[in-house]
Amino acid sequence: MPTVRPYESYVYAYPHKTAYRPLPERPALRELWAAEPKSALSLYLHIPFCEVRCGFCNLFTRIGAPEELTTRYLDALDRQAVAVRDALGDDEPVRFAAAAFGGGTPTFLTAAELERLCDIAEKRMGADLLAVPLSVETSPSTATADRLAVLADRGTTRVSIGVQSFVDAEARAAVRPQRRAEVEAALGRIRDARIPVLNIDLIYGIDGQTERTWLTSLDAALAWRPEELYLYPLYVRPLTGLHRLGAAAGPEAEALEQAAWDEQRLRLYAVGRDHLLAHGYEQVSMRMFRRADAPQEGPEDYACQTDGMIGLGCGARSYTSALHYSFDYAVDMREIRSIIDRFTTTEDFSRAEVGRYVDAAEARRRHLLQSLLQAAGLPLDDYRARFGTDPRADFPTELARFADRGWLDAQAPEGLLRLSPLGLAHSDALGPALFSPGVRAAMAAYERK
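Because the structure is predicted, anything quoted here is derived from the model rather than measured.

*Asks:* Please clarify how the nonpolar core should be interpreted in this entry.
*Replies:* A general trend in soluble globular proteins is that nonpolar side chains are found buried together. Of all hydrophobic cores here, the largest spans 112 residues; its most connected members are Leu43, Leu202 and Ile310. In terms of residues, this core owes the most to one element, helix H2 (residues 69–88), which gives ten residues. Discounting chain neighbours no more than four positions away, the residues touching Leu202 are Val163, Gln164, Ser165, Phe166, Trp214, Ser217, Leu218, Ala221, Leu229, Tyr230, Leu231 and Tyr232. Of all hydrophobic cores here, the second largest spans seven residues; its members include Ala13, Tyr20, Tyr44 and Ala316.

Shown next, in the form of structure tokens:
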């Protein structure tokens, strides 16, 4: 059996945005949402600004916001929200079951701008932020007391802070300018704000990182008793800062340590997993760990990918049962700036511009992929109830291959399709292996920008 690289890509949405294309017919949102259930929608607002751009980052975000750009962006977000809420109609109740602010760094906005962001979610979209789970991403330098006070007052139930490493040298190696003292101070402010769930993001596989330094970061995070921890393997993606550094060294040097790097990341993943399990955390997915006694503030981290997602902002996606749509996508800073500028001058947000249609076969594939990547696995009855078929009949080749590799749990209870510990460790290979040929072809043909 050929060797499989364990780190192909992080599958956080399917199909990936690189499979999206301009929609020639530009379908009206009112038509797209006319027959969709609207009683439990998810709402996501995207803020594409950061104070710095980390070396590993390929998110849709830019550094800084000159010349009142945040004001113009919020103006456009307001216009978009009005258009989208109008498209949802009033023939039946529209209810949001969960909300999230992401980016970028939403707390790049000032406290007053965060108030306006919440107003857009509530007054324009009709989301009751005090009654539903609200998750907000932040960073050490922007988690200020005044911003956190606004978030707490407006109903935030979860704050996720990207720390990545408590070791200053590792933060520098990841091109993330921060000091541990600043991180610790930010964590103190978050706890003082009494937001129920604190999530800390950490990264393993950084240049120079060892088991000892990885444990240093884990223990520093555990000292704050976070309700959640996400452990991310480092990726060096095209057009990011770290990729440019590696490319400058030449392709041979870039490829030389790949196998050793894979081995290092697998080893550090196992160290981190075992350490958190020993400290009273439960594994939810390859990346997510939840403290066993922590409140669950809403659906699992994959549930926002189910049909019924409203995304506002130029980096956000929206999902209906038949179409996933967004705006143009880029990683290169110049392209991102251009897309943001176009967004801020857009007046008509009534149509979908870029996206990919999802047929019945892709919907089955997406459901299997998202469920299987969770530690709890996929109850076969749930799949049958939704699609009328059995995933073992729909995907015999893929599941047989996973079983041969030891990725499926042979001891799972009857009626449950679940990954083994080895399978969870290889989630970033297993996920891409479930991509359809059509999606693979579209992603391969995507022109990076």
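Read on for the rest.
*Asks:* Honestly, the packing of aromatic side chains in this entry has me stumped. Any pointers?
*Replies:* Remark: the centre distance and the inter-plane angle together describe each pair of aromatic rings, the angle taken between the planes. Inspection of every chain in the model, using the stated rule, returns 16 aromatic pairs. On the numbers, 5.4 Å between centres and 80 degrees between planes, the contact of Phe49 with Tyr73 is edge-to-face. Remark: Tyr73 occurs in helix H2 and Phe49 occurs in strand E3 (residues 49–50); sequence separation between them is 24 residues. Of the two residues examined, Phe49 and Tyr73, each falls in the buried class. Here the guanidinium or amino end of Arg265 rests over the ring plane of Tyr235, the centre of that ring lying 5.8 Å away. Over the ring of Tyr10 we find Arg287; its NZ or CZ atom is 3.7 Å from the centre of that ring.

*Asks:* Would you mind going over the packing of helix H3 (residues 111–124) against helix H4 (residues 145–153) with me for this structure?
*Replies:* Each pair of packed helices can be described by the angle between their axes along with the distance between the axes. Packing of H3 against H4 brings their axes to within 9 Å, and their N-to-C directions diverge by 20 degrees. The orientation of H3 with respect to H4, classified from their angle, is roughly parallel. Handedness of the H3/H4 crossing: right-handed. Note on element contacts: H4 touches H3 through Asp146, Arg147, Val150 and Leu151, opposite Ala111, Leu114 and Glu115. Class assignment of the residues belonging to the contact of H3 with H4 gives a composition of four nonpolar, no polar and three charged.

*Asks:* What exactly am I supposed to notice about the environment of Val331 here?
*Replies:* Mapped onto the elements, Val331 comes out in the loop between strand E14 (323–326) and helix H11 (333–345). Residue classification places Val331 among the buried positions, given a relative accessible area of 8%. Sequence separation between Val331 and Arg225 is 106 residues; the distance between their C-alpha atoms is 34 Å.

*Asks:* Is there a simple way to explain the pairing of strand E9 (residues 228–233) in this structure?
*Replies:* Within a regular strand, side chains alternate between the sheet's two faces. Counted residue by residue, E9 has five buried out of six residues, so it is predominantly covered. Pairing geometry for strand E8 (residues 197–204) and E9, over six bridges, is parallel. When the bridges of E9 are listed, Ile203 appears paired with Tyr232. Note that E9 and strand E11 (residues 288–291) share three bridges and pair antiparallel. Note that in E11 the partner of Glu228 across the bridge is Arg290.

Thresholds, definitions, all that
Residues numbered from 1 in each chain as written. Predicted model: local features only at pLDDT ≥ 70, side-chain atom pairs only at ≥ 80, totals over all residues. Heavy atoms only, no water. Core = buried A, V, L, I, M, F, W, Y, C linked by side-chain atoms within 4.5 Å. Buried < 20%, exposed > 50% of the residue type's maximum accessible area, 1.4 Å probe, protein only. Helix = DSSP H or I, 4+ residues; strand = E, 2+ residues; numbered from the N terminus. Contact = heavy atoms within 4.5 Å. Phe/Tyr/Trp six-rings, centres within 6.5 Å; stacked < 30°, edge-to-face > 60°. Lys NZ or Arg CZ within 6 Å of the ring centre and 35° of its normal. Axes fitted to C-alpha atoms, helices over the stretch in contact; angles between N-to-C directions. Parallel < 35°, antiparallel > 145°, perpendicular 65-115°, else oblique. Left-handed = near helix turned anticlockwise from the far one by under 90°. Nonpolar A, V, L, I, M, F, W, Y, C, P; charged D, E, K, R; others polar. Pairing = 2+ DSSP bridges.

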